[in-house]
Amino acid sequence: RVMKELGVEKLILTNAAGGMNPEFNVGDIMIIEDHINLLPNPLIGKNDDRLGIRFPAMNKAYSETLIEKAKEVAKENNIELRKGVYLGNTGPSFETPAEYKFYHKIGADCVGMSTVPEVIVAVHSGLEVFAMSLVSNVFKDEVRAEATMEEVLEAGKKAENKMMLIFEKLIERI
């Protein structure tokens, strides 16, 4: 809300997320095209109409224009991008194997503990939103490896330059 008051019109977000799409690998970058919210909705309570309408539509929460520009940047720089659905949940624990399977079954490709509330408030405020997830660990039922914070940080280091390049070039185009 502060960003909106400061004149911000576009919000670009990133996160680290656990992957459950079997085609994903650690270090992949996924453009978020949609989300599933399992967090408390930040708009619960009395609405202040000065901040946004009571029931904002979420069917186009992520800007198709910004998604296309990011895809162009990635293609021009030989960066492979994934696209998919991000699921936000409360954490602060990593998911169980049953949760990973359930989330994928209901349509999620990645899961994390952030981003969705920020997107909801941004859309409510009238901001244009773009978001990407760094796939920091991947659930594979046959492996059952434990997700660790060290794994998340290591994946971040490996993908940092690619993500920064996409953001820098995307910002240049807007």
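Rules used throughout
- For every chain, the first residue of the written sequence is number 1, and numbering continues from 1 along that sequence.
- Two thresholds apply to this predicted model, a pLDDT of at least 70 for residue-level local features and 80 or more for giving and counting side-chain atom pairs, whereas whole-chain, interface and lining totals are computed over all residues.
- Where side-chain values are given, they derive from all heavy atoms of the structure, hydrogens and water being excluded.
- Counting from the N terminus, the helices are the DSSP runs of H or I reaching at least four residues and the strands are the DSSP runs of E reaching at least two.
- Based on C-alpha atoms, the radius of gyration is set beside the globule rule, defined as 2.2 Å times the residue count to the power 0.38.
- Residues are treated as being in contact if the distance between any of their heavy atoms lies within 4.5 Å.
- Computed with the Shrake-Rupley method and a 1.4 Å probe, the accessible areas treat only the protein chains shown as cover for residues.
- When charges are counted, Lys and Arg are positive and Asp and Glu negative, with His and the chain ends excluded.
- Taken as the charge location is NZ of Lys, CZ of Arg, CG of Asp or CD of Glu.
- The salt bridge definition used is simple: a Lys or Arg side-chain nitrogen within 4 Å of an Asp or Glu carboxyl oxygen.
- Whether a residue is buried, partly exposed or exposed follows from its accessible area with a 1.4 Å probe, protein chains only, as a fraction of its type maximum: under 20%, in between, or over 50%, in that order.
- Any Phe, Tyr or Trp ring, taking Trp's six-membered ring, that has another such ring centre within 6.5 Å forms a pair; planes under 30 degrees apart are called stacked, those over 60 apart edge-to-face, and the others tilted.

Chemist: Would you take a moment to explain the overall build of the chain for this structure?
Modeler: Counting secondary structure elements, the chain contains five helices and five strands. Along the chain, helices (α) and strands (β) appear in the sequence α-β-β-α-β-α-β-α-β-α when read from the amino end. Computed over its C-alpha atoms, the radius of gyration of the chain comes to 16 Å, within 12% of the 16 Å expected for a compact globule of 174 residues. The C-alpha extent of the chain, read off along each of the three principal axes, is 50 × 40 × 25 Å. Contacts in the chain between residues far apart in sequence, at least 24 positions, make up 86% of those at least 6 positions apart. Roughly 9900 Å² of accessible area belongs to the chain as shown, and the carbon and sulfur atoms make up 53% of that amount. Distance from the positive charge centre (21 side chains) to the negative charge centre (27 side chains) of the chain: 3 Å.

Chemist: I keep staring at the pattern of salt bridges and nothing clicks. Help me out?
Modeler: Two side chains that carry opposite charge are able to pair once their charged atoms sit near each other. According to the stated counting rule, one finds seven salt bridges in the structure shown. Of the charged contacts, one joins E72 and R173 as a salt bridge, the two residues approaching to 3.3 Å between their closest N and O atoms. Pair noted here: E72 is in helix α2 (residues 64-76) and R173 is in helix α5 (residues 149-173), with a separation of 101 residues, a long-range link. Overall, E72 belongs to the partly exposed group, its relative accessible area being 41%. Here E80 ties to R82 by a salt bridge, and the two come within 3.9 Å at their closest N and O atoms. When its relative accessible area of 59% is taken as the criterion, E80 is described as exposed. Here R82 falls in the buried class, since its relative accessible area comes to 17%. Residues joined in a network through salt bridges with shared partners are D28, E80 and R82.

Chemist: Mind showing me how you'd approach unusual backbone geometry here?
Modeler: Peptide bonds are trans in most cases, and residues, glycine excluded, mostly fall at negative phi. For the peptide bond that leads from G91 to P92, omega is 5°, which places it in the cis range. Of note, the phi angle at N78 is positive, near 55°, even though the residue is not glycine. Along the polypeptide, N78 turns up in the loop between α2 and β3 (81-88). For N78, a relative accessible area of 73% gives the class exposed.

Chemist: What is the right way to look at the packing of aromatic side chains in this model?
Modeler: Within a pair of aromatic rings, the relevant descriptors are the distance that separates the centres and the angle that separates the planes. A full pass over the atoms with the stated rule returns two aromatic pairs. Plain terms: the ring middles of Y100 and F139 are 4.9 Å apart, the flat faces sit at 10° to each other, and that makes the pair stacked. One end of the pair, Y100, is in helix α3 (residues 97-105); the other, F139, is in the loop between β5 (128-138) and α5, and 39 residues separate them in sequence. Accessibility assignment for this pair places Y100 and F139 in one class, buried.

Chemist: I'm lost on helix α4 (residues 116-124) in this one. Help?
Modeler: One turn of an α-helix holds 3.6 residues; hence residues three or four places apart share an orientation. Counting buried residues along α4, seven of its nine residues qualify, which places the element largely inside the surrounding structure. The set of residues buried in α4 consists of V116, V119, I120, V121, A122, V123 and H124. Residues of α4 that are buried in the fold lie against β1 (10-19), β2 (29-37), β3 and β5. Just past α4, the residue G126 takes up positive phi, approximately 90°.

Interpretation in functional terms is not warranted from these geometric data alone.
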